[in-house]
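Take a look at the letters that make up each chain.
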Amino acid sequence: MKSRTFAPSWGALFSALLALPQLSAAFYLPGVAPSSYEQGERVPLNVNSIKPVAAQDALLHSVMSYDYYNEQFRFCQPEGGPSYVSESLGSILFGDRIMSSPFELHMMQNETCKKLCTSKYDMPSAHFVNKRIMQGYALNWLVDGLPAGQHLLDDLTGTTFYSPGFAMGTISTTDPEGPTFFNNHYDIVIEYHKVNGKEDQLRVVGVIVQPGSRAYKGDNLECNDNQTPPVVLAEEDGTETEVTFTYSVYWTESPTPWATRWDKYLHVFDPKIHWFSLVNSAVVVVFLTVTVTSVLFRALKKDIARYNRLDQINLEDLSGTSALEDGVQEDSGWKLVHGDVFRTPSHPLLLSIFLGNGAQLFVMTGFTICFALFGFLSPSNRGSLGTIILFLYTLLSFVGGYVSARVYKSMNGEQWKLNMGLTPLLVPSIVFSTFFFLNLFLWANGAAGAVPFTTMLVIIGIWFVISIPISVAGSWLGFRAAPVEPPVRTNQIPRQIPPATTYLKPIPSMLLVGILPFGAIFVELYFIMSSIWFSKIYYMFGFLFLCYGLMIITCAAVTVLMVYFLLCAENYHWQWRSFLAAGMSAGYIFANALIYLISKLSLGGLSGTVLYIGYSALLSFLFFILTGSIGFFSSWWFVQKIYKSIKID
């Protein structure tokens, strides 16, 4: 009996690729190993910065986060004051400020109406807290590294999930202009799981907090009495509101193992939208790629055959009747510019610097998405995304320096020292200066998201001590390598460029080329922006990986098509045109961010608006360099290929 071998279908491979993030939930990296507790052992409850989420009108009203122990909140502090919990660099950059708390949780020991402390709120602090409640701020706690959340139901899919964070207070549903109710009591429900084979070893696998507002009278702490009126912080001058904070703890056993405890937090809102977007983008990309390939293949094959046949004919025999040559020149004009197509573009130093940084961003983005796809950036390891981005960008400075030097040398650049120095300095300086300027707004508003000055010094140290030397080493190797030689010679006198048609002019061509790569990532970009600004967990890296690939293919295909039409119109200035046209998709991303600001956000203050627009412009600038580099290198490869295929005397 012969054994049969089975070849996996494309559908099975596709499904396995999308399932990789879910499969990777079964293992974790060192540093996030499970913590086991015995009965009665204390379980740490740490507090994180207080961040805004969607208010009751489903809009985001602020982008500022605050320290949990900001003096205006008057929250209870542990004896001796709170202490900071060590965090990774990425966690600090993403706005986490984790500190100890006065809550005492002991494994499998329930508590009821346990008093924390009593605080008094005067008019300024009451106004501050009430405003934060109206803006939809949420408290963020961590129990054994797991975020405390609320148990919610997705009406669309009918599934339940845990949403990280819980409301600081509520607004009256009957009277929107009425008072705000401040939550001062917390019912903490903790799910635990027994380790197989070790019944005395218990692990935390879920945390739910149900906040409530209780205006206690004296020492009568009846937190389970639903008749107790809510706490309203009075904002009258000269009055103080006394608030007593209490909490209850309930332990429940759960069948959920520790390895999959994050699954209930990783909820996909409307998964059909993801699939529809992916299928739609794939169809567009396949149609576009097939169209570009067929058009270019047929046209180029016809052009190259005519050109090479023309070279074999003795042109002296065509005296006075050069109809064949004229026909070829009229049909396709890209051969006519063979002596100018590899002419050095204007500002080659700036272009090479952008291309080097673009190649660096391209490789870094690819590696980051792949790491996330295989589960190495688990949400249990807080700040791992920011840390790996900074780590990869620093190490890949070698790629940026090498590509920039190699491109600059191929463009016959002479200021090699300037190229070597500006490649690791120009773009990072723009990014760091913008980041520092926006950080000043956070410092001025006392926001927790402001990066500490010491962290800034660490970033500068990594930049100058590690990144710049690595980039210089790459540039040195790039200048020592042989330049990319053009397949044809460049004429000494530049050819005159005829007037272009409307769609080949710079602005129309940029608008046409840039919209297609943006369309490939539009829907996924919406979910990413929602996770960033609404403090949600994004983990659909399988979809993101495929969208990134579709964006690369789309960007390369449409840019190559534009360059072909440009050369046929006898315009040989394709270098900057390909870079700017492909980079125009960043303009659509910034425009989309402005539409998102109008439709989903309601930032009343100037600081919040400046921060949102500033960070959106910064991300758009990096995306501009990334997509522009993809467009340039695909066009460079295309131009090299077609001019190698013809015979030039």
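Keep in mind the model is a prediction, meaning the values are calculated, not measured. Think of each chain on its own: its residues are numbered from 1, step by step along the sequence as written. Per-residue local features are limited, in this predicted model, to residues with pLDDT of at least 70; the limit for side-chain atom pairs, both in listing and counting, is 80 or more; totals at the level of whole chains, interfaces and linings are taken over all residues. Heavy atoms from the whole structure form the basis of all side-chain values; hydrogens and water molecules are not counted.

Asker: It is not clear to me how the pattern of salt bridges should be interpreted in this structure. Could you clarify?
Answerer: Note that side chains of opposite charge can pair when their charged atoms are close. When a carboxyl oxygen of Asp or Glu lies within 4 Å of a side-chain nitrogen of Lys or Arg, that pair is called a salt bridge. Enumeration over the complete set of coordinates arrives at eight salt bridges. Here Asp 122 and Arg 74 are joined by a salt bridge, their closest N and O atoms 3.6 Å apart. Taken together, the residues Asp 122 in the loop between strand S5 (111-121) and helix H3 (123-134) and Arg 74 in the loop between strand S3 (51-52) and helix H2 (89-93) connect sequence positions 48 residues apart. Judged by relative accessible area, which is 25%, Asp 122 ranks as partly exposed. Glu 191 is the partner of Lys 264 in a salt bridge, and the nearest nitrogen-oxygen pair spans 3.0 Å. Highlighted residues: Lys 264 in the loop between strand S16 (241-253) and helix H4 (271-312) and Glu 191 in strand S14 (residues 185-195), separated in sequence by 73 residues. Each of the two residues, Lys 264 as well as Glu 191, counts as buried. Salt bridges linked by common partners bring Lys 51, Asp 96 and Arg 382 together as one network. Secondary structure elements are defined from DSSP: runs of H or I of at least 4 residues count as helices, runs of E of at least 2 residues count as strands, and each element is numbered from the N terminus. Burial classes: relative accessible area under 20% of the type maximum marks a residue as buried, over 50% as exposed, and values in between as partly exposed (1.4 Å probe, protein chains only).

Asker: Can you help me understand the confidence of the model for the protein in this one?
Answerer: Low pLDDT means the predicted atomic positions in that stretch should not be read closely. Per-residue confidence from the prediction method is given by pLDDT, with values spanning 0 to 100. Confidence along the protein averages 84 in pLDDT terms, with 88% of residues attaining 70 or more. Considering each helix and strand of the protein separately, the mean pLDDT is smallest for helix H1 (residues 10-23), with a value of 39, and largest for helix H8 (residues 397-410), with 96. We call two residues in contact when some of their heavy atoms are within 4.5 Å. Within the model, the stretch residues 1-31 combines pLDDT values under 50 with 29 contacts to residues more than four positions away or in other chains. Residue range residues 314-331 is modelled with pLDDT below 50. Its contacts to residues more than four positions away, or to other chains, number ten contacts.

Asker: Which parts of the structure should I look at to understand the nonpolar core?
Answerer: Soluble globular proteins: nonpolar side chains tend toward being buried together. Residues grouped as a nonpolar core are buried Ala, Val, Leu, Ile, Met, Phe, Trp, Tyr and Cys residues, joined through side-chain atoms within 4.5 Å. Membership of the largest hydrophobic core comes to 145 residues, with the highest contact counts inside it found for Leu 105, Trp 141, Phe 182, Tyr 186, Ile 188, Leu 567 and Tyr 643. With 18 residues, the top contributor of residues to this core is helix H13 (residues 541-568). For Tyr 186, the residues in contact, after removing those within four places along its chain, are Phe 75, Phe 103, Leu 139, Trp 141, Phe 166, Val 209, Gln 210, Pro 211, Phe 245, Thr 246, Tyr 247 and Ser 248. By size, the runner-up hydrophobic cluster in this structure holds seven residues, among which are Phe 435, Val 451, Met 456 and Trp 463.

Asker: I would appreciate a short explanation of the environment of Val 205 in the present structure.
Answerer: When you line up the elements, Val 205 lands in strand S15 (residues 198-212). Since its relative accessible area comes to 0%, Val 205 is described here as buried. When residues no more than four places from it in sequence are discounted, the contact partners of Val 205 are Leu 146, Glu 191, Tyr 192, His 193, Ser 254, Thr 256, Pro 257, Trp 258, Arg 261 and Lys 264.

Asker: What am I meant to see in the environment of Met 134 here?
Answerer: Structurally, Met 134 can be placed in helix H3. Assessed through its relative accessible area of 45%, Met 134 is described here as partly exposed. Taking C-alpha positions, Met 134 is 8.2 Å from Gly 169, a pair spaced 35 residues apart along the chain. In contact with Met 134, not counting residues within four places along its chain, are Ala 55, His 61, Ile 171 and Thr 180.

Asker: When you look at the packing of helix H12 (residues 506-533) against H13 in this model, what are you seeing that I'm missing?
Answerer: Each packed pair of helices is defined by two parameters, the angle between the axes and the distance between the axes. Here H12 crosses H13 at 175°, and the two axes come no closer than 9 Å. Judged by the inter-axis angle, H12 sits roughly antiparallel to H13. Contact residues: Ser 509, Val 513, Leu 516, Pro 517, Ala 520, Ile 521, Glu 524 and Ile 528 in H12; Phe 543, Leu 544, Cys 547, Leu 550, Met 551, Thr 554, Cys 555, Val 558, Thr 559 and Met 562 in H13. Note on geometry: axes are C-alpha line fits, over the in-contact stretch for helices, and angles between N-to-C directions span 0 to 180 degrees. These descriptions rest on fixed angle ranges, namely under 35 degrees for roughly parallel, over 145 for roughly antiparallel, 65 to 115 for roughly perpendicular, and the rest for oblique.

Asker: Would you mind going over a nonpolar patch on the surface with me for this structure?
Answerer: A surface patch of nonpolar side chains, about 580 Å² in accessible area, is lined by Phe 436, Phe 437, Leu 440, Trp 443, Phe 453 and Leu 457. Elements represented by at least two residues in the nonpolar patch include exactly helix H10 (426-444) and helix H11 (453-480). Ranked by the residues each element gives to the nonpolar patch, the list is headed by H10, at four residues. Among the structural elements, Leu 457 can be located in helix H11. We classify Leu 457 as partly exposed; its relative accessible area is 45%. Patch membership needs two things, relative accessible area over 30% and no salt bridge, and members are linked within 9 Å if like-charged or within 5 Å if nonpolar (Val, Leu, Ile, Met, Phe, Trp, Tyr). Per-residue and other accessible areas follow the Shrake-Rupley method at a 1.4 Å probe size, with only the shown protein chains counted as cover for residues.

Asker: Explanation requested: helix H7 (residues 384-395) in the structure shown.
Answerer: Note that an α-helix has 3.6 residues per turn; residues three or four places apart therefore point the same way. In a helix, the anticipated span is given by 1.5 Å times the number of residues less one. Here H7 contains twelve residues, and its C-alpha end-to-end distance of 16 Å stays within 8% of the 16 Å for a straight helix at 1.5 Å per residue. The set of residues buried in H7 consists of Ser 384, Gly 386, Ile 388, Leu 392, Tyr 393 and Thr 394. Summarising the contacts, the buried residues of H7 are in contact with H2, helix H6 (348-373), H8, H10 and H11.

Asker: In this structure, what is going on with the packing of aromatic side chains? I would like to understand it.
Answerer: Centre distance and the angle of the planes are the two values used to describe a pair of aromatic rings. Ring geometry is summarised as follows: Phe, Tyr and Trp rings, the Trp one being its six-membered ring, pair when their centres sit within 6.5 Å, and such pairs are stacked at plane angles under 30 degrees, edge-to-face over 60 and tilted between the two. One pass over the structure, following the stated rule, counts 46 aromatic pairs. Seen from their ring centres, Tyr 66 and Tyr 137 are 5.7 Å apart, and the 45° between their planes marks the pair as tilted. Residue Tyr 66 is found in the loop between S3 and H2, and its partner Tyr 137 is found in strand S6 (residues 137-139); the two are separated by 71 residues along the sequence. In terms of burial, Tyr 66 and Tyr 137 fall into one category: buried. Ring plane angle 50° and centroid distance 4.8 Å describe the contact between Trp 533 and Tyr 612, whose orientation is recorded as tilted. Note that Trp 533 is positioned in helix H12 and Tyr 612 in helix H16 (residues 606-644), a separation of 79 residues in sequence. For Trp 533, a relative accessible area of 15% translates into the label buried. By the criterion adopted, a ring carries a charge over it if an Arg CZ or a Lys NZ lies within 6 Å of its centre and within 35 degrees of its normal. The ring centre of Phe 128 lies 4.5 Å from the NZ or CZ of Arg 132, which sits over that ring. Above the face of the Phe 534 ring, Lys 536 is positioned so that its terminal group lies 5.8 Å from the ring centre.

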